[in-house]
Amino acid sequence: MKRWSIYTPEGVQDILFEQCRIKRKLEAGLRRLFTSYGFIEMETPTIEFYDAFGGEIGLIRQESMYKFCDGKGRLLVLRPDLTVPIARVVATRVREESLPLKCCYIGNTFCFDELGGGKQNEFTQAGVEILGIHSPEADAEVISMAVKAVKACGLEDFQIDIGQVDFFKGIMEKSGLSPDEVEEVRELIDRKDFVAVEQVMNRHEVSDDLKALILDLPRLFGNKDILAGISRDPIGEKASAALDYLQKVLDILEDRGMGRYVSIDLGMVQSLNYYTGIVFRGYTYGVGFPILSGGRYDGLVSKFGKDCPATGFSMGINMIMMALERQGRIENGDCQGILITYEEGARKYADAYCEKVVAEGGIAELDIGMGGLEACLKYARAKGLEKVLLFRADGNFETFERSTDL
């Protein structure tokens, strides 16, 4: 019989030593980046009521969530997402704050079979949200922050694919399909299932021009020239306005020097009950899943009682680490820190020097094993310390450098 106390459950992991150092460094760099551009950090509870995500709101499938009950029998979840709690807070706790409100976050989320965690059930998300404004500038700002965030993590070869949910909604309205059929087509297009999309469309009386465009959606990806090639006559006002909006966002990104990182994917049609306009995903080589995703979600905050447009993105820290490792971009930890040992009668000198190094921002350890110099050198080698200092009883010390003695 297995001793389950010595294992971790499926989908979670221990993050040890060097990996933890790398992860904390990434998180610190992202926090610095976000706050430097005026985003204010927010932290929401790990435990939320189930109704904030499921139930009547129906934002996330209940099978995807970790569910349990509190002492009163009320259904709770471990948060599967960080955007939804921020929408809840903006609609309730800070509803009188002046808008637009720029928020950022870094925290763990919990979800079964979530691609954003690389098939992990617990994974770390970092992201930003802009609430209270609907403009191409706001969407471009979020996409720009996504580009800067990926670069801040040390990746250079990546791409942000941008879609437009309202374009899809507009042509679906023109097609006359039922809501269930629209959702079926959306799922097939999102999977880029060319044959199945054609089979669905052949069951309906749709104009030839519109049918051809719908069947071509999975192939409409590439540079901004794609927009110029789409005829506006058969698609209607809503879809045309969506393309004009997308063009404005692309123009802003071009002016901000982000053009080479972005491309268009009009076949990107993520969940229609969540996103309402611009949507995007970030990809890099070596990882089979998006490293980030985001978009405009103007209807989300209203589900909690306040009409408030919003846009944002979240990045999977676990996916970023996987990409860095597979691309050979993980930096080895620099040899840093010193170990201070001492002879009998020299403890006060060793301790004073240790405190001085720490006060000046360095890393220093006081020998607590007292196993002699050889034991100290062995420990320093194993831990990758820079040097060992041996204090004498007269207050002087001898230095043993990593490059020669360790």
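K.L.:
It is not clear to me how the overall build of the protein should be interpreted in this structure. Could you clarify?
P.N.:
Along the protein, the regular secondary structure elements total twelve helices and 16 strands. Across the 406 residues of the protein, 49% fall into the buried class. Across the protein, the fraction of contacts at a sequence separation of at least 24, relative to all contacts at a separation of at least 6, is 69%. Summed over its atoms, the accessible surface of the protein is roughly 20,600 Å², and 49% of this surface lies on carbon and sulfur atoms. Positive and negative charge centroids in the protein, built from 49 and 64 side chains respectively, lie 3 Å apart.

K.L.:
Can you help me understand the side chain of Ser144 in this one?
P.N.:
Structurally, the position occupied by Ser144 is in helix H3 (residues 136-152). Apart from the residues within four sequence positions on either side, Ser144 is in contact with Leu253, Arg256 and Met258.

K.L.:
Explain unusual backbone geometry to me, please; I cannot follow it from the model alone.
P.N.:
Leaving glycine aside, a negative phi is the common case for residues, and trans is the common case for peptide bonds. Cis geometry is adopted by the peptide bond preceding Pro100, which originates at Leu99 and carries an omega value of 5°. Along the chain, the position of Pro100 falls in the loop between helix H2 (83-92) and strand S5 (101-110). Even without glycine at this site, Phe17 takes up a positive phi of about 40°. Tracing the sequence through the fold places Phe17 in helix H1 (residues 17-36). Located in the positive-phi region is Met370, a residue other than glycine, with phi close to 50°. Within the element layout of this structure, Met370 appears in the loop between strand S14 (364-366) and helix H12 (373-383).

K.L.:
Would you explain the pairing of strand S4 (residues 75-78) in this entry?
P.N.:
Residues in a regular strand point their side chains to alternate faces of the sheet. Judged from the three bridges that link them, strand S2 (residues 47-49) and S4 form a sheet pairing that is antiparallel. Looking at the pairing, Phe49 lines up with Leu76 of S4. Here strand S3 (residues 67-69) pairs with S4 via three bridges, running antiparallel. For Lys67, the partnering residue across the bridge sits in S4 and is Val77. Between the end of S3 and the start of S4, which pair antiparallel, lie five residues, with Gly73 showing a positive phi angle near 85°.

K.L.:
Teacher, can you tell me more about the sheet that holds S2 here?
P.N.:
Whenever strands of a sheet pair, they do so through backbone hydrogen bonds, lying parallel or antiparallel. Taken together, the three strands give an open sheet; going across it, the order is S2-S4-S3, and neighbouring strands pair in antiparallel fashion. Looking at strand neighbours, the two that pair on one side only are S2 and S3, the edges of this open sheet. In this sheet, adjacent strand axes meet at a mean angle of 40° when their direction is disregarded.

K.L.:
Can you help me understand the packing of helix H4 (residues 165-175) against helix H7 (residues 208-216) in this one?
P.N.:
When two helices pack together, their arrangement is given by the angle between the helix axes and by the axis-to-axis distance. Running from N to C, H4 and H7 point in directions that differ by 145°, and their axes come no closer than 11 Å. Classified by chirality, the crossing of H7 by H4 is left-handed. For the pair formed by H4 and H7, the contact residues are Phe167, Ile171, Met172, Lys174 and Ser175 on the first element and Leu210, Leu213 and Ile214 on the second. Looking at the contact of H4 with H7 residue by residue, the class counts come to six nonpolar, one polar and one charged.

K.L.:
When you look at the sheet that holds strand S16 (residues 397-401) in this model, what are you seeing that I'm missing?
P.N.:
Pairing in this open sheet of four strands is mixed, and the strands run S14-S13-S15-S16 from one edge to the other. Strand pairing shows two members of the sheet lacking a second neighbour, S14 and S16, which therefore form its edges. Neighbour-to-neighbour, the strand axes of the sheet open up by a mean angle of 20°, direction not taken into account. Strands in contact with helix H11 (residues 347-359) are strand S13 (338-342), S14, strand S15 (387-391) and S16; relative to S13, the strand with the most contacts, it is inclined by about 165°. Along the sheet face, H12 touches S13, S14, S15 and S16 and points at about 155° away from the line of S15.

K.L.:
What exactly am I supposed to notice about the nonpolar core here?
P.N.:
Considering soluble globular proteins, one finds that nonpolar side chains tend to be buried as a cluster. Ranked by internal contacts, the top residues of the largest apolar core, which has 76 residues, are Phe34, Ile162, Phe167, Ile171, Leu266, Phe280 and Phe313. If one sorts the elements of this core by residue count, helix H9 (residues 236-255) sits on top with nine residues. Counting 31 residues, the second-largest nonpolar core is a separate cluster that includes Tyr50, Leu59, Val89 and Tyr275.

K.L.:
Can you walk me through the packing of aromatic side chains in this structure?
P.N.:
Aromatic ring pairs are described here by two measures, namely the spacing of the ring centres and the angle between the planes. A full pass over the atoms with the stated rule returns nine aromatic pairs. Pairing Tyr66 with Phe112 gives two aromatic rings, centres 4.2 Å apart and planes at 25°, and the pair type is stacked. With a gap of 46 residues between them, Tyr66 in the loop between S2 and S3 and Phe112 in the loop between S5 and strand S6 (122-131) connect regions that are remote in the sequence. By relative accessible area, which is 23% here, Tyr66 ends up partly exposed. For Phe112, a relative accessible area of 30% gives the class partly exposed. Between Phe391 and Phe397, the aromatic rings sit 5.0 Å apart at their centres with planes inclined by 45°, giving tilted as the arrangement.

The rules behind these values
Residues numbered from 1 in each chain as written. Predicted model: local features only at pLDDT ≥ 70, side-chain atom pairs only at ≥ 80, totals over all residues. Heavy atoms only, no water. Helix = DSSP H or I, 4+ residues; strand = E, 2+ residues; numbered from the N terminus. Buried < 20%, exposed > 50% of the residue type's maximum accessible area, 1.4 Å probe, protein only. Contact = heavy atoms within 4.5 Å. Areas by Shrake-Rupley, 256 points an atom, 1.4 Å probe, with all protein chains shown as cover. Lys, Arg positive; Asp, Glu negative; His and termini not counted. Charge placed at Lys NZ, Arg CZ, Asp CG, Glu CD. Pairing = 2+ DSSP bridges. Axes fitted to C-alpha atoms, helices over the stretch in contact; angles between N-to-C directions. Left-handed = near helix turned anticlockwise from the far one by under 90°. Nonpolar A, V, L, I, M, F, W, Y, C, P; charged D, E, K, R; others polar. Core = buried A, V, L, I, M, F, W, Y, C linked by side-chain atoms within 4.5 Å. Phe/Tyr/Trp six-rings, centres within 6.5 Å; stacked < 30°, edge-to-face > 60°.

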